[in-house]
Amino acid sequence: MIFHTRPALTGVLVAALFAATPAAASTPDAAGPYTRTVEKGHVLACAGEKGELRVDVELYENSAFGTHVQVSVRTAEAEYVRGGETDGGLFDNGTISRRLVVPPQPEGAGPSQTVDIDGTYALAGPRERVHEVYDEPFGQVVSKGWRTPMSAAVTVSVLGQRADLACDPAFAFDLKVRRPAGAPTTGPEADPAR
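Residues numbered from 1 in each chain as written. Predicted model: local features only at pLDDT ≥ 70, side-chain atom pairs only at ≥ 80, totals over all residues. Heavy atoms only, no water.

### Focus on the overall build of the protein
Broken down by element type, the protein carries 1 helix and 11 strands. Secondary structure of the protein in N-to-C order comes out as β-α-β-β-β-β-β-β-β-β-β-β. Burial status across the protein gives 46% buried among its 194 residues. Summarising the internal contacts of the protein: among those between residues at least 6 apart in sequence, 60% fall at separations of at least 24. Accessible area of the protein: about 9,400 Å², with a carbon and sulfur share of 50%. (Helix = DSSP H or I, 4+ residues; strand = E, 2+ residues; numbered from the N terminus. Buried < 20%, exposed > 50% of the residue type's maximum accessible area, 1.4 Å probe, protein only. Contact = heavy atoms within 4.5 Å. Areas by Shrake-Rupley, 256 points an atom, 1.4 Å probe, with all protein chains shown as cover.)

Shown next as structure tokens:
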């Protein structure tokens, strides 16, 4: 059994996510009412370099919180960044395919670039039991369930170059999450995969 007081995924995944309010049932308890959600999905955080090109990509899909993509492309001359919610379907029966337009930073510093993310993924090991407990300003959050490691082969095409990315962490999850009633059910503070 794994017990964490505050799970860490990656910095950007902590700060992002969440279009939908999850379906939750309020259940009274001796300590007070709680909301409970069932959350299933995938997480990939990938990075790679080719020459002076550095690419970081984070893909996150949660049945209760929606889909999020974070892309950072850096060269010696420029940086391009895009993050936020996106249409579903990032993880599609073992394949990943997404085309994004990524603006320069600061915005208006040049033309936006098209980034093509392609790859494959598969479960790659025995599932691990998860029991995570952490405190938030609104109270204690408890998530229990399973995390299964994944293998992934992901490439990114941008600025006329193609870079292979290494992905870590890479896992699928299936969690039951309990939050105090009245706690946020959307936004970064509500997401147990962080």
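### A closer look at the environment of Leu100
Looking at where Leu100 falls in the secondary structure, it is placed in strand β7 (residues 95-102). For the pair formed by Leu100 and Thr86, sequence separation is 14 residues and the distance between their alpha carbons is 9.7 Å. The residues touching Leu100, leaving out its near neighbours within four places in the chain, are Val69, Val71, Arg82, Gln113, Thr114, Val115 and Ile117.

### As for the environment of Pro111
Position of Pro111 among the secondary structure elements: in the loop between β7 and β8 (113-123). By relative accessible area, which is 58% here, Pro111 ends up exposed. The sequence separation of Pro111 and Tyr80 amounts to 31 residues, and the corresponding C-alpha distance is 9.8 Å. Setting aside chain neighbours within four positions, we find Pro111 in contact with Tyr80 and Pro104.

### Concerning the pattern of salt bridges
Applying the stated criterion across every chain, the model contains 6 salt bridges. A salt bridge links Arg74 to Asp56, with the nearest nitrogen and oxygen atoms 3.0 Å apart. Here the residue Arg74 occupies a position in strand β5 (residues 66-74), and Asp56 occupies one in strand β4 (residues 53-62), the gap between them amounting to 18 residues. Across the pair Arg147 and Glu132 runs a salt bridge, and its minimum N-O distance is 2.8 Å. With Arg147 in strand β10 (residues 139-158) and Glu132 in strand β9 (residues 128-136), this residue pair connects regions lying 15 residues apart in the sequence. (Salt bridge = Lys/Arg side-chain N within 4 Å of Asp/Glu carboxyl O.)

### Looking at the side chain of Arg98
Looking at where Arg98 falls in the secondary structure, it is placed in strand β7. Here Arg98 occupies a buried position and makes no salt bridge, while the nearest side chain of opposite charge, Asp87, is found at 5.6 Å. A distance of 3.1 Å separates a polar atom in the side chain of Arg98 from the backbone oxygen of Asp87. Setting aside its immediate chain neighbours within four residues, Arg98 contacts Thr86, Asp87, Gly88, Gly89, Leu90, Val115, Asp116 and Ile117. (Lys, Arg positive; Asp, Glu negative; His and termini not counted. Polar contact = N/O pair within 3.5 Å; in protein donor to acceptor, adjacent residues only side chain to side chain.)

### A few points about the pairing of β5
Taking burial as the measure, the 9 residues of β5 include 7 buried ones, the bulk of the element. With 9 bridges joining them, β4 and β5 adopt antiparallel strand pairing. Within β5, the position partnered with Val57 by the bridge is Val71. In this antiparallel pair of consecutive strands, β4 and β5, the connection spans 3 residues. Relative to strand β6 (residues 79-86), β5 is paired through 8 bridges, and the arrangement is antiparallel. Paired with Val71 across the two strands is Arg82, which belongs to β6. (Pairing = 2+ DSSP bridges.)

### So, the state of the cysteines
Counted according to the given criterion, the structure contains 1 disulfide. A disulfide bridge connects Cys46 with Cys167, and the sulfur atoms are separated by 2.0 Å. Since a negative S-S torsion denotes a left-handed disulfide, the Cys46-Cys167 link at about 100 degrees is right-handed. Of this pair, Cys46 sits in strand β3 (residues 34-50) while Cys167 sits in strand β11 (residues 161-180), and the two are 121 residues apart along the sequence. Here Cys46 and Cys167 have matching classes, each one buried. (Disulfide = S-S within 2.5 Å.)

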